Amino acid sequence: MKLNLLPKTISQAKAARAAIVFSIILFALLTGGGVMAMIWSQDQLQKAKDVVADLKPKADQVVANARIAETKMTENASLFRNVALANAMLDHNRKYPELYTSLLPYIPAYYRLQSMNASPAGPGQSQVTLVGVLKSFQQYADLTLVLRRIPDVMSVSRAGFQPLETYVPGLSAEDQIAMPIRPGEGRVPLDPIDRLNYYIAQAQEPGGFVGTGGFGTEDMTTPRGAMPEWSVVTMTLVINRDLQTPDPGATLGSPSGSVGTALGTPGGAGGGAGGAAGGRGGPMGLGGPAAGGPPAGIGFGGAAGGPPPGALGRGGPTGPPAGVGGPPAGAIPGGVGGGR
Amino acid sequence: MKLTRLTILSIGLFLGLTAVAFFVFQHVLPNIEETRNYRENAQALRAEINKSGMAKQRVEDAVTLIGEKADEWNAIMARHSLPGSLAAGGIDLAVNEYQLTVDARRFRNSVQSQLNRQLKYGGVQVIGPEIPMPTDDAASVLASYFNYSSFGFPAVLYNLGQVTVTGTFDQIMTHVRGWSNMPNFLAVADGLQISGTSPNMTGTYNLTIVGFIQSERVFPPIGGGGGAAPAATGATTPGGPPAGVNVPGVPPGQVPGRGGVGRDEEE
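Residues numbered from 1 in each chain as written. Chains lettered and ligands numbered in written order. Predicted model: local features only at pLDDT ≥ 70, side-chain atom pairs only at ≥ 80, totals over all residues.

## So, the overall build of chain A
Regarding its fold elements, chain A presents five helices and four strands. Ordered by position from N to C terminus, the α and β elements of chain A give α-α-β-β-α-β-α-β-α. In chain A, which comprises 340 residues, the proportion classed as buried is 34%. (Helix = DSSP H or I, 4+ residues; strand = E, 2+ residues; numbered from the N terminus. Buried ≥ 20, exposed ≤ 12 C-beta atoms within 10 Å, placed from the backbone.)

Below you can see the structure in the form of structure tokens.
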């Protein structure tokens, strides 16, 4: 039989030493794991950075290329504006004749026109006012329906008809027959003698058209009005036609790319180019058929000083920079102050 | 006091976890987050790079579009711009501002003649509008009459107001359409109204004409003459020779800046 005669404290000290060693190993393992994780994460980060550093110049190049397109469009905004303005002006001269000519086939023969006018009522919409004469209330109704057949007509309104057709009045104490009468006329008497006198009183000297509505006059340039018993009728049409007028003054005086006030919708610059040249208005862009416009810095004797503002110089000779060229014949030479 | 084994192990574990926590929260997690950001960035960059073809196409499209518009503009200007000489119906702006006051009046008469010719287009009868007379103020003629300050380039703009023409319906329609064909100018006839009894119709409309001037150069203001032109022309260099005085290279008795081809030809 063996007896452990060593004091208890000795075995406890041994166990504590082992625990300390184990704790140190545990601490070292955990710390080492943390360090490894840190190193791994830093490695991953560095790789990602390298990839980005490799891609960025290429991406920058692509963006720079894209900006070239935008820059080109911006630089030529005035060109787009000028072309749009010129085309709008040239096109506009045809719009009113085309509108009126297209309306004429829809004007019925019984409606004799006295005047036509049209005005823009917003983008893509116009109001046309027709003034003419017609005879009957039936024609007045038919005319509205006929005008509604015009393509692109949104609405038709009418005004001005003066009804002169007879109507049957109600019975009265003096008139138990109620013969048809015209608006404003008195009732036709029942008594034959009175009725005869009534009709005699209605009689007028026959005049026909003479003196009515300008008819019967020798001056053929005077517009003819309504014939007897005809009415002057105003028809107002709202139609989907664009009559908005280009405003050269506002457009040319505005900054490049902006839109003249009366121009309506600006023309797009097209495609993916970024729309830098949106609208109309703006100065002469290209150098025109002969040469550019005035150079930015004008010098004495500087020959054609390059393209005009916003110009490409196409179609015109490109001269030396302002102040470089020699003096043209008869001009003040450029020597003043070293070629202004 | 003696520490038990459990206590010692707990301390070791605690310290180890503390170290791990330090590395994880101080380094690992931020690195992972940053790595993810960089990867997303790389993905975005790749997306941009993939647009390389589109970007090139955009540039090509822009160049093509600009070229087309330039051709279109040149075609318009070939017919609807004012020549740079008086003889051809335009005006030469490369003359000094005093000469320009003289030439501007000749130019105005030339424009009026061109307008009168166009007003009769279509066979209508017209009570014609008049082109306004240019100012005789040398300092402002370029800026005001030729709109050099407001447009930044020389062009004349005439709002001629209401024009009344008489003729048949077809004549009036032809007349109004004809403004698109006016040589040397861009004209716009607006607000056409037709009235009267056929065949004696009356048409009224508002007329505006614009003349872009093909000017190779514009003569700068002669020293201290006026305020508007220098700012407008961009001739920022101050000074300059007084009118006709001691201009180098100009013989005595001759006027500087009278090099206008059209004016010379006219004379």
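## A word on the overall build of chain B
Looking only at helices and strands, chain B has eight helices and five strands in total. Ordered by position from the N terminus, the helices and strands of chain B form the series α-α-β-α-β-α-α-β-α-β-β-α-α. Evaluated residue by residue, chain B yields a buried proportion of 46% over its 267 residues. Long-range pairs, those at least 24 residues apart, make up 68% of the contacts in chain B between residues at least 6 apart in sequence. (Contact = placed C-beta atoms within 7 Å.)

## Quick look at unusual backbone geometry
All names here are of chain B. Residues serine 198 and proline 199 are joined by a peptide bond in cis, for which omega reads 10°. The backbone of asparagine 147 sits at a positive phi, close to 55°, despite the residue not being glycine. On the secondary structure map, asparagine 147 appears in the loop between α4 (141–145) and α5 (148–151). Note on asparagine 147: 22 C-beta atoms within 10 Å, which makes it buried.

## Some remarks on the packing of helix α2 (residues 77–103) of chain A against helix α6 (residues 169–177) of chain B
For any two helices packed against each other, one specifies the crossing angle of their axes together with the interaxial distance. Contact pair α2(A) / α6(B): the axes reach a minimum separation of 7 Å and the direction vectors enclose 155°. In terms of orientation, α2(A) lies roughly antiparallel with respect to α6(B). Between α2(A), through Asn93(A), Arg94(A), Tyr96(A), Pro97(A) and Thr101(A), and α6(B), the contact on the second element is made entirely by Met173(B), Val176(B) and Arg177(B). For the contact of α2(A) with α6(B), the class distribution of residues is four nonpolar, two polar and two charged. (Axes fitted to C-alpha atoms, helices over the stretch in contact; angles between N-to-C directions. Parallel < 35°, antiparallel > 145°, perpendicular 65-115°, else oblique. Nonpolar A, V, L, I, M, F, W, Y, C, P; charged D, E, K, R; others polar.)

## Focus: the pairing of strand β4 (residues 186–197) of chain B
Two strands pair when backbone bridges link them, and strand β1 (residues 112–122) of chain A and β4(B) are joined in this way by three bridges, in the antiparallel orientation. Within β4(B), the position partnered with Met116(A) by the bridge is Ile194(B). With ten bridges connecting them, β4(B) and strand β5 (residues 200–213) of chain B associate as antiparallel partners. By the bridge assignment, Ser195(B) is partnered in β5(B) with Thr202(B). Here β4(B) folds back onto β5(B) in antiparallel fashion, the turn holding two residues. (Pairing = 2+ DSSP bridges.)

## Brief notes about the environment of Ser231(A)
All names here are of chain A. Relative to the helices and strands, serine 231 is located in strand β4 (residues 231–239). Note on serine 231: 19 C-beta atoms within 10 Å, which makes it partly exposed. Once you skip the residues sitting within four places of it in the chain, serine 231 turns out to touch Val133, Leu134, Gly160, Phe161, Gln162 and Ala226.

## Points about the nonpolar core
Core analysis: the largest hydrophobic core is formed by 101 residues, its most contacted members being Leu93(B), Ala155(B) and Ala187(B). With 13 residues, α2(A) is the single largest residue contributor to this core. Here this core gathers at least three residues from each of two domains, domain 1 (9–74) and domain 2 (83–244 + 255–266) of chain B. Residues Phe27(A), Leu30(A), Val20(B) and Val28(B) belong to the second largest nonpolar core, which totals five residues. (Core = buried A, V, L, I, M, F, W, Y, C linked by C-beta atoms within 7 Å. Domains from an automatic or database assignment.)

## Let's talk about the pairing of β4(A)
Taken together, the nine bridges between strand β2 (residues 125–134) of chain A and β4(A) define a ladder with antiparallel strand orientation. Bridged to Val128(A) within β4(A) is Leu237(A).

## Some details on the environment of Arg112(A)
All names here are of chain A. With respect to the helices, strands and loops of the structure, arginine 112 is situated in strand β1. Residues arginine 112 and lysine 135, spaced 23 residues apart in sequence, show a C-alpha to C-alpha distance of 9.9 Å. Apart from residues no more than four positions distant in its own chain, arginine 112 is found in contact with Gly132 and Val133.

## Observations concerning the environment of Phe219(B)
Its place among the elements puts Phe219(B) in the loop between β5 and α7 (228–233). In the structure, Phe219(B) is positioned 122 residues away from Glu97(B) in sequence and 7.3 Å away in space, judged by C-alpha atoms.

## As for the confidence of the model for chain A
On average, residues of chain A score 74 in pLDDT, and 71% of them are at 70 or above. In this model, residues 257–340 of chain A is a region of pLDDT below 50 whose contacts with residues beyond four sequence positions or in other chains number 287 contacts. (pLDDT = per-residue confidence, 0-100.)

## Some points on the confidence of the model for chain B
Residues and elements named next belong to chain B. Per-residue confidence for chain B gives a mean pLDDT of 82, with 82% of residues at or over 70. Taking the mean pLDDT of every element in chain B, the minimum, 37, falls on α7 and the maximum, 95, on α6. This stretch, residues 224–251, has a pLDDT under 50; its non-local contacts, to residues over four places away or in other chains, come to 65 contacts. Note on residues 259–267: pLDDT under 50 across the span, and 28 contacts to partners over four residues away in sequence or across chains. In the predicted complex, the global pTM is 0.67; the interface-specific ipTM is 0.74.

## Comments concerning the packing of α2(A) against helix α2 (residues 52–80) of chain B
It is the contact of α2(A) with α2(B), at a shortest axis distance of 10 Å, that shows an interaxial angle of 50°. As the angle between them shows, α2(A) and α2(B) are arranged oblique. The way α2(A) lies across α2(B) gives a crossing that is left-handed. Contact residues: α2(A) offers Leu79(A), Phe80(A), Asn82(A), Val83(A) and Ala86(A), while α2(B) offers Ile66(B), Lys69(B), Ala70(B), Glu72(B), Trp73(B), Ile76(B) and His80(B). (Left-handed = near helix turned anticlockwise from the far one by under 90°.)

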